[in-house]
Amino acid sequence: MDFNMKKLASGAGVFFTRAVQFTEERLGQAERTEPDADLERLAGRADVTRLWTERICRQTEVLLRPNPGVRMEEFLYEKLDRTAPQRPASGQLLGRHMEDAARSLGPELAYGRGLLLVGACEQRLGRAEREFSQVSAVALIGPLRDFLEGDWSLITKERRLLENRRLDLDACKARLRRAQAAESKAAVSLSTQPDFQETRPRNYVLSASASGLWTQEVEKAGDELQRAQAEFDQQAEVTKLLLGDISSTHVNHLRCLHEFVEAQAAYYKQCHLHMEDLQKELAGSAGGSGQQGEQSGGGGDPPSPPPGSRRARVLFDYDAADASELSLYADQLITVYTVPGMDSDWLIGERENHRGRVPVTYLELLS
């Protein structure tokens, strides 16, 4: 207990000394040790890096998640160390509304078929957007946050420790100057004393004793100054090494920036392909509607689906392995039916003017 009290008192004394030194510097009543120019240059570059890293990270989050409510919710879940619920992208919600509208209006209408096609495309665009957001969060936002929460926190800690070492050093310098001034004053007072054999020998003895005490105080202050200077120099080197690592941080962030650009380019390319496919499907649907209208105007009935056919929703994207199969996109609505002799793992699927075999495991049969 006694040891803890002594340690607490010592820590309080150091804190008070630093506070006094800091206050006197602010008031212009104490000298301040300035760091070398190289350290100042490295510190300035580090501060600029931290500033723009925070801004880029924050604005990238705005780009990927424009809704501030969603960003706040994810922030709270992150602070609570919980996983945020998966939210569909805006395009996916729009696609679902369009498909629901098509089922309500009737998919046999031209407008209904158009809503189905556009809705399926919007869902594909929404999934591509979610994938892009996930990849970007790992490629760019994650490394930027790691720097701010890891490397920069360590740099800030070491710079704060360097500032404390500087305050200790300047306090020791001030203490040494005061001790030297008192020693000089005591020496002058001693030299002006009259012969101690004539008058006041006791005063002379006291002056000599005070001069000796101040000499010891100067020696003690000099030792403390040397120790404080060594600690300051050592901490300055440690801080300079950490600040110098900002160059490697720039290299790492540049690599992350390349990955982000590649992900963004792949995302826009995928969106462009989806839109081209949608334009072709809409054009084919418009042509089929015109032919159907002509046949209806001539008195003929529109072609009906085969007996036993059902509607089905595509669960996953599927690329046809050969000409006998039908390529599918997730969330599409197609017509499926069986034919005699076909394997139970396959169905015949029809989508607009295309027909082919589709795997049952990729479908959700609707009533």
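The name an unreviewed UniProt entry gives the protein is Endophilin-B2, with Gadus morhua as the organism. The UniProt entry for the protein carries the following comment under Subunit (unreviewed entry): "Homodimer, and heterodimer with SH3GLB1." Note on the protein: under the UniProt heading Sequence similarities (unreviewed entry), the record states "Belongs to the endophilin family."

**Re the environment of Val339**
One can find Val339 in the loop between strand 2 (333-337) and strand 3 (346-351). Residue Val339 is classed as partly exposed on the basis of its relative accessible area of 32%. On a C-alpha basis, the gap between Val339 and Gly308 in space is 9.9 Å, while along the polypeptide they are 31 residues apart.

**Some thoughts on unusual backbone geometry**
Look at Asp331: it is not a glycine, yet its phi comes out positive at around 75°. Secondary-structure assignment places Asp331 in the loop between strand 1 (310-314) and strand 2. For Asp331, a relative accessible area of 16% corresponds to the buried category.

**A short note on helix 4 (residues 90-105)**
Between its terminal C-alpha atoms helix 4 stretches 23 Å, which fits the 22 Å expected from 16 residues at 1.5 Å a residue. Burial in helix 4 covers these residues: Gly91, Gln92, Gly95, Met98, Glu99 and Ala102. Taken end-on, helix 4 shows its buried residues confined to a sector of 125°, consistent with a single buried face. Projecting away from the buried face of helix 4 at angles above 90 degrees are the exposed residues Ser90, His97 and Ser104. One or two positions beyond helix 4, positive phi appears at Gly106, with a value near 110°.

**Considerations on the sheet that holds strand 1**
If you trace the five strands from one edge of the open sheet to the other, you get 4-3-2-1-5, paired in antiparallel fashion. Two strands close off the open sheet at either side, each with one partner strand: strand 4 (354-359) and strand 5 (363-365). The sheet shows a mean angle of 40° between the axes of neighbouring strands, direction not considered. As defined by bridge partners, strand 1 adjoins strand 5 across three bridges and the pair is classed as antiparallel.

Procedures and definitions
- Residues numbered from 1 in each chain as written.
- Predicted model: local features only at pLDDT ≥ 70, side-chain atom pairs only at ≥ 80, totals over all residues.
- Heavy atoms only, no water.
- UniProt positions renumbered as here; feature names shortened; annotations may be inferred.
- Helix = DSSP H or I, 4+ residues; strand = E, 2+ residues; numbered from the N terminus.
- Buried < 20%, exposed > 50% of the residue type's maximum accessible area, 1.4 Å probe, protein only.
- Expected span 1.5 Å × (residues − 1).
- Arc of directions from axis to C-beta.
- Pairing = 2+ DSSP bridges.
- Axes fitted to C-alpha atoms, helices over the stretch in contact; angles between N-to-C directions.

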